[in-house]
Amino acid sequence: QHEPLVSDIASRQQPLVICNASYLYLDMPQQLDPDEPGLPWAAYVDTGSIFNFDPLACWAIDNAELVAGLQAQLWTETVVDSHQMDYYLFPRILAVAERAWNQHSTDNWSGFAAAVISREMQYLDTLGVQYRKSL
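Everything numeric here is computed off the predicted structure, so don't read it as measured data. (Residues numbered from 1 in each chain as written. Predicted model: local features only at pLDDT ≥ 70, side-chain atom pairs only at ≥ 80, totals over all residues. Heavy atoms only, no water.)

Digging into the environment of Val45
Defined as follows: Numbering of helices and strands runs from the N terminus, with a helix taken as a DSSP run of H or I at least four residues long and a strand as a DSSP run of E at least two residues long. Contacts are assigned to residue pairs that have any heavy atoms within 4.5 Å of one another.
Within the secondary structure, Val45 sits in the loop between helix H2 (21-24) and helix H3 (47-51). Between the C-alpha atom of Val45 and that of Tyr23, which follows or precedes it by 22 residues, the distance is 5.9 Å. Once you skip the residues sitting within four places of it in the chain, Val45 turns out to touch Ala21, Ser22, Tyr23, Tyr25, Met28, Pro29, Gln30, Ile50 and Arg92.

Quick word on unusual backbone geometry
The amide bond that connects Phe90 to the next residue, Pro91, takes the cis arrangement and shows omega of 5 degrees. Tracing the backbone through its elements, the reader meets Pro91 in the loop between helix H5 (82-89) and helix H6 (92-101). Even without glycine at this site, Gln13 takes up a positive phi of about 55 degrees.

Here we look at H6
The line we're drawing: Exposure categories follow from relative accessible area, calculated using a 1.4 Å probe and restricted to protein chains: below 20% of the type maximum is buried, above 50% is exposed, and the middle band is partly exposed. By definition, the arc is the one covered by directions from the helix axis to the C-beta atoms.
Taken together, the buried positions of H6 are occupied by Arg92, Ala95, Val96 and Arg99. The buried residues of H6 occupy one face: seen down the axis, they fall within an arc of 105 degrees. Looking at the buried residues of H6, the elements they touch are H2, H3, helix H4 (55-58), strand S2 (67-70), H5 and helix H7 (109-127).

Quick look at H7
Defined as follows: The span one expects for a helix is its residue count, reduced by one, times 1.5 Å. Here the bend at a residue is taken as the angle between two axes, fitted respectively to the seven residues that end there and the seven that start there.
The terminal C-alpha atoms of H7, which comprises 19 residues, lie 25 Å apart, in line with the 27 Å expected from a rise of 1.5 Å per residue. Where H7 bends most, the angle comes to about 35 degrees, and this point is Val116. When we look at burial in H7, the residues that qualify are Phe112, Ala113, Val116, Met121 and Leu124. The elements touched by buried residues of H7 are H3 and H6.

Geometry only, nothing functional implied.
Right under this line is the structure:
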């Protein structure tokens, strides 16, 4: 459905920033649960789905040089305070950073998850970040 748009961008060699709602909108709920904040109009977006997102394959882009980067969104109509903002952002934003630096999802999810749990969550604790405790 978006193939003509991608073809047009590619033919003009136009740089683009990828920000798919189904992977990079961090105000989406992380799972189907009545206590999970967010409005699931596009998807349920957890850390693993972001980590496994392949932006080039998703957009069928042959020339990776056209991609200027990835952009995650946090729309705030459902954010009521800074604790909820932290919950929406962390640890998902870590997967966004990993995916932005390494566009292909050839990495080891279990290694990434272990590093987040053993190293990054401890650091977030020292900063007082109210992150989501599970990936």
